[in-house]
Amino acid sequence: MPTIRRKWAACTAGILFCLTLFASTVFAQTSKGMVTGTITDASGAVLKGARINLEPLGKSTLTNERGEYSLTGVAPGHYAFTVEFAGFQPFRKEMDVSAGQTATLDVTLRVNPGSEQVLVFGGGAQDLMQAADQEISSANIVNVMPSSEIVALPNENIADATGRLPGVTLQRNEGQGEYVQVRGLDPRLTNVTVDGVTLASPEVTINQVDLTTIPDNMVESIVVNKTLSANQDADGIAGSVDLVTKTAGARPYFSAESTMGFTPIQNTRYIGKVDTTAGMRFGASQRWGLIGGFEADYNGGGIDNIQPSPDLNPDGSTTPYYDKNTQRVYRMNEDRWGLTSTVDYKMSPQTTFAAHFLLSDFKDFLDKYYYEIGPKAQYYQSNQTRNPAIGTLILDGSHILRNSWIHWGSAVSRSRFENAGGDPRAEWSPSKLLKAYDAANCVYTGTPTSIYRPTWSAGCSFPNSDSDHDNFNPENYILSTYRTTSGQAVSLNLQEWAGMGMNYHLGSHSATFEFGGQFRNNHSFEYAETPQYNYFGPTTGSGAASLVPFQTGFTYDHYYGGTYYMGPVTDWNKLTAYWKANPGDFQLDVPTTREGSDSANFDLINRTTAGYVMNTINWPRFSLQTGLRFEATQVHVHGYYVNPSAGPYGNGTDAPTPIDNGSWGNWVGTTPETTTQSYVVPLPSVQARWMVSSMTAIRAVYSRGISRPNPYDLVPYILDNGAGTSQPRYSIGNPSEQPTHANNYDLLVEQELRPFGVIQAGYFYKQLYDPIVQTYTSCSITGSLCNIPGSDPGDEAQQDINANNASVSGLEFSWKQRLSTLPGALRGLTMMANYAYTNSHTNGIPGRTDSPSLIGTAHHSFNIEPAYTLGRYDVHMGISYNGAYNYAYQWFNDQPNPSNNTAGPANGPLGDNFAYPHLQVDAQAGARVWRGLHVIVNGLNLNNEVFGYYNGQPQYLTQREYYKPTYSFSLRWDSNHEK
């Protein structure tokens, strides 16, 4: 480690020396000139993303949304001015630039012969060209998905779309993408931004952003930065996902879409969506631009879910064995809407101002029904009412001078999570007769039809003719607990930044020196209440709170394809009405309520101040960017330490435990706690690009990144899961948790294709120091949060801590090309394909002697997206594969107390928890029937792919759920396609 640190310090010093040397030449430059203009096609439509080059200076840029470009800091002289845009004939002109003057050169490009089908104002083809040019011209290694590609396939949210990019896999929830994993790393290591501004996470306890909150058609493009420059937030060891908001183009634009569909599950469930976007430029010289969009969707899908509990086989073999099975039915009632708008003002050709706004809300409501089959039957219902929301407002400006430029901005981002205390839930216990019957007769009977469908005795897994012994008789269960929730979690980001770049020459080579700073203040807090009530009402007779008075009319005869049986289910509204009408039958469980509520509440302020310097030098075929960023972080956390053993009676109160429906005393088990952290980190970076030929380039990148702990990790909380009922017994915070640092190395070869496309192939390697992992720690350690009266010497706690180090490496390949040179009807083909291989190791996990893979590392992932567009018709198919990955560490073989070691081998039924491989097939077909009106049909999850988790090996399943395909029909109007 000292050797690595010395090398890193020497590298940093070298970069600082180079930057100082380059900066010293900036102020000695002679007066420069500027070249500006607009690039259009023959119809007058502007070309966004056209590449402008000025040789032999080596200066280049891309045109913006209005087809405009600016080349600043051009030394007086004679140059070759060129314009390139895939599908069009290159443009070249000799020109002179004078000192202190602005040369205006507007260019009209003509379509290449044989490429006349490329309509500049027509969506997909142009977007593909622009995305390829942006990837090729970017200083960073990036992957770009334009808006037309986002909507070309049925995505449930913005995460699903992002998951189709190279090296990106998804953590899924309820059948849709939730968090993105870039290059096989935990979602916490990926930063999510809107127009480059860090987005506040609605789940304030963690850093990663739940992208199910944002509809899929809210942005102009998705840009995944796999390397970061010094002028970007460094919170992205894996990378950064930037959601680029829409900007008004030169032509007025309007689109609208309405979608209806269904899923053939649970007696048929329905979906629907509407969205619209409108934008235009107006005012003198079209200086003002305004665009806005709105989308609302409803997902009434369903999920068939089983969650068996694997265990060591009593006969000592590796044959799968399970203690119980939880049979689940989820019925979705999800409403999501989003609103976005951008206003921009062009004061002059060199000065622009803009305001960007995005707001989205996701009512992730589900009714969840559970039957537990095994030696102890149980029924419970969960009424999920998660309601995350995200909003951001960004004000920014840029000013281009002859020899320099300035950009600045201010942003506020607020996210909130309603009902943050958890899902309301009610549990029913079995009658004495049913409990005795299941304990004696409900046994695991193996996997006769499939290793993925374990079975139990027919007398307990299907209706029993003896009603007293029937697990699905609603009279055999009595309400035991009722839990509700209230309150919210909020995260507020305030961010300010400014930067300045100065163009200069190093000999005959153009260069740019940039410096700037940023301040970000994040205030996150959660104040929620999760009261739990114990039922003490009648247990027999007509007044008993069995399942009977709360039943719904829902029946489901084909649950899990008929392999399992789903009994009657309950109505949460009826149960809530009963609780309100019969307060005397319920007693507030004070210790459980206070533990669950107080330990989850916290208040955190995280301030980050950053400054950077960056220098870029351009040779005719080579460019070099060096940068150094400093980030100073100050964290202040206020949380609550909950000791369930406090007080004179060891129950957290000042009174004995009540009997039956008596009252508790005063709660004395909660103590406010405060912790602080501060640190400064230097983050150097070097990015080099060598143009081997006019269409082939090689990139090499080194950068250092940081990933900060999740906010809730730093809270000094303790949660008692109950003695003898759970392993580990406690969950605890870690106020001393440190950020993760990484050295990142990248090598990429990219080849432009004609008529238009790009192939990229690359290798990456990351060295992580102090990676954050979840592990089990002993409560016998002095100073441990769980070393409290009432804990046993053998008790353990689940805690996030820093391991020693880790590494991840991988290969990435991507190909996107419009195959318009093929003969006849084949010229409408487009192919987009990508593949990624990743491998990782984690060292120094307390309690383990091995080096498991990092959380989130899928060895293999790929996407294949063939498309066909010709004339009025277009067809798109998406095949997306995410390999298995480690989801949670739960196998330990080197605990301080050997009796706490995990039984069985690492790949056994008690091993680490993994996500199953996921292969999903989606398709969409459309036809333009009149002017801009399209008829579209699509299918989502056409292969009915399973989603789930397993322990150790795939045969030891812990969850497998099905959603069935979703079929939909849409009408879409798009003014870009009017004829």
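Here the residue numbers are simple positions, counted from 1 along each chain's written sequence. Under the rules for a predicted model, residues below a pLDDT of 70 receive no local features and side-chain atom pairs below 80 are neither given nor counted, while totals for whole chains, interfaces and linings still include all residues. The side-chain numbers reported here are obtained from all heavy atoms of the structure, hydrogens and water having been left aside.

Here we look at the domain arrangement of the protein
Stage number 1. What counts as a domain boundary in this text is fixed by an automatic or database domain assignment. According to the domain assignment, the protein contains domain 1 (31-116) and domain 2 (253-329 + 361-651 + 663-974).
Stage number 2. Measuring from the centre of the C-alpha atoms in domain 1 to the corresponding centre in domain 2 gives 45 Å.
Stage number 3. Each side of the interface is counted separately: domain 1 has 22 residues, and domain 2 has 19 residues.
Stage number 4. Each partner contributes to the roughly 1,500 Å² buried at the junction of domain 1 and domain 2, and carbon and sulfur atoms together form 47% of this total.
Stage number 5. The term salt bridge refers to a side-chain nitrogen of Lys or Arg lying within 4 Å of a carboxyl oxygen of Asp or Glu. Linking domain 1 to domain 2 there are 1 salt bridge.
Stage number 6. For Arg51, the salt bridge goes to Glu752, with nearest N and O atoms at 3.1 Å.
Stage number 7. Two N or O atoms form a polar contact when they lie within 3.5 Å of each other; inside protein one atom must be a possible hydrogen donor and the other a possible acceptor, and for residues adjacent in sequence the pair counts only when both atoms belong to side chains. On the surface where domain 1 and domain 2 come into contact, there are 2 residue pairs in polar contact (both at pLDDT 80 or more).
Stage number 8. When contributions to the side of domain 1 that touches domain 2 are tallied by element, the ones reaching two or more residues are strand E1 (33-41) and strand E4 (68-74).
Stage number 9. Numbering of helices and strands runs from the N terminus; a helix is a DSSP stretch of H or I covering at least four residues, while a strand is a stretch of E covering at least two. At 3 residues, the largest contribution of residues to the side of domain 1 that touches domain 2 is made by E4.
Stage number 10. In the scheme used here, Gly and all other residues not listed as nonpolar or charged are polar, with Ala, Val, Leu, Ile, Met, Phe, Trp, Tyr, Cys and Pro taken as nonpolar and Asp, Glu, Lys and Arg as charged. Taken together, the residues of the side of domain 1 that touches domain 2 break down into 5 nonpolar, 12 polar and 5 charged. The contact definition used throughout considers only heavy atoms, calling two residues in contact when any of these lie within 4.5 Å. Once two parts are joined, some of their accessible surface, as seen by a 1.4 Å probe, is lost; buried area is that loss totalled over both.

As for the sheet that holds strand E37 (residues 730-732)
Stage number 1. Pairing between two strands is assigned when DSSP locates at least 2 bridges connecting them. Ordered by their spatial adjacency, 4 strands build an open sheet running E36-E37-E41-E40, and the pairing between neighbours is mixed. At either end of the open sheet lies a strand with only one pairing partner, and these are strand E36 (718-720) and strand E40 (772-778). When the angles between neighbouring strand axes are averaged without regard to direction, this sheet yields 25°.
Stage number 2. Note: E40 against strand E41 (residues 796-802), 7 bridges, orientation antiparallel. The axes are straight lines fitted to the C-alpha atoms, using for helices just the contacting stretch, and the angles between their N-to-C directions are given from 0 to 180°.

Focus on the UniProt feature "domain: TonB-dependent receptor plug" (unreviewed entry) in the protein
Stage number 1. The positions UniProt marks with the feature "domain: TonB-dependent receptor plug" (unreviewed entry) are residues 137-239.
Stage number 2. Between the end C-alpha atoms of residues 137-239 there is a gap of 18 Å, over a span that is 10% helix and 30% strand. UniProt positions are given in the numbering used here, feature names are shortened, and annotations may be inferred rather than shown by experiment.

Some words on the environment of Pro716
Stage number 1. Position of Pro716 among the secondary structure elements: in the loop between strand E35 (696-707) and E36.
Stage number 2. Counting along the chain gives 79 residues from Pro716 to Val637, while the straight-line C-alpha distance between them is 8.8 Å.
Stage number 3. When near neighbours in sequence (up to four residues on either side) are disregarded, Pro716 contacts Tyr640, Tyr641, Glu673, Pro735 and Leu785.

Observations concerning helix H8 (residues 590-598)
Stage number 1. Each residue's exposure class comes from its accessible area (1.4 Å probe, protein chains only) as a fraction of the maximum for that residue type: buried when under 20%, exposed when over 50%, partly exposed otherwise. The buried count for H8 comes to 7 of 9 residues, which makes it a mostly enclosed element.
Stage number 2. Here H8 has its buried residues at Val590, Pro591, Thr593, Arg594, Glu595, Ser597 and Asp598.
Stage number 3. Buried residues in H8 make contact with strand E29 (509-529), strand E30 (532-535), strand E31 (586-588), strand E33 (622-642), strand E34 (670-693) and E36.

Comments concerning the pairing of strand E39 (residues 756-769)
Stage number 1. Across the 14 residues of E39, 10 count as buried, placing the element largely inside the fold.
Stage number 2. Bridging between strand E38 (residues 740-753) and E39 involves 13 bridges; their strand directions are antiparallel. Within the sheet, the bridge partner assigned to Asn744 lies in E39 and is Lys766.
Stage number 3. In this antiparallel pair of consecutive strands, E38 and E39, the connection spans 2 residues.
Stage number 4. As paired strands, E39 and strand E42 (residues 805-818) are joined by 14 bridges and run antiparallel to one another. Counterpart to Ala761 in the pairing with E42 is Phe813.

Notes on the pattern of salt bridges
Stage number 1. Considering all chains together, one arrives at 34 salt bridges under this definition.
Stage number 2. As a salt-bridge pair, Arg51 and Asp133 come within 2.8 Å of each other at their nearest N and O atoms. Here Asp133 lies in helix H2 (residues 124-137) and Arg51 lies in strand E2 (residues 51-55), a separation of 82 residues in the sequence. Across the pair, Asp133 and Arg51 agree in class, each one buried.
Stage number 3. Here the residues in one salt-bridge network are Asp233, Asp235, Arg520, Arg629, Glu631 and Arg708, joined through shared partners.

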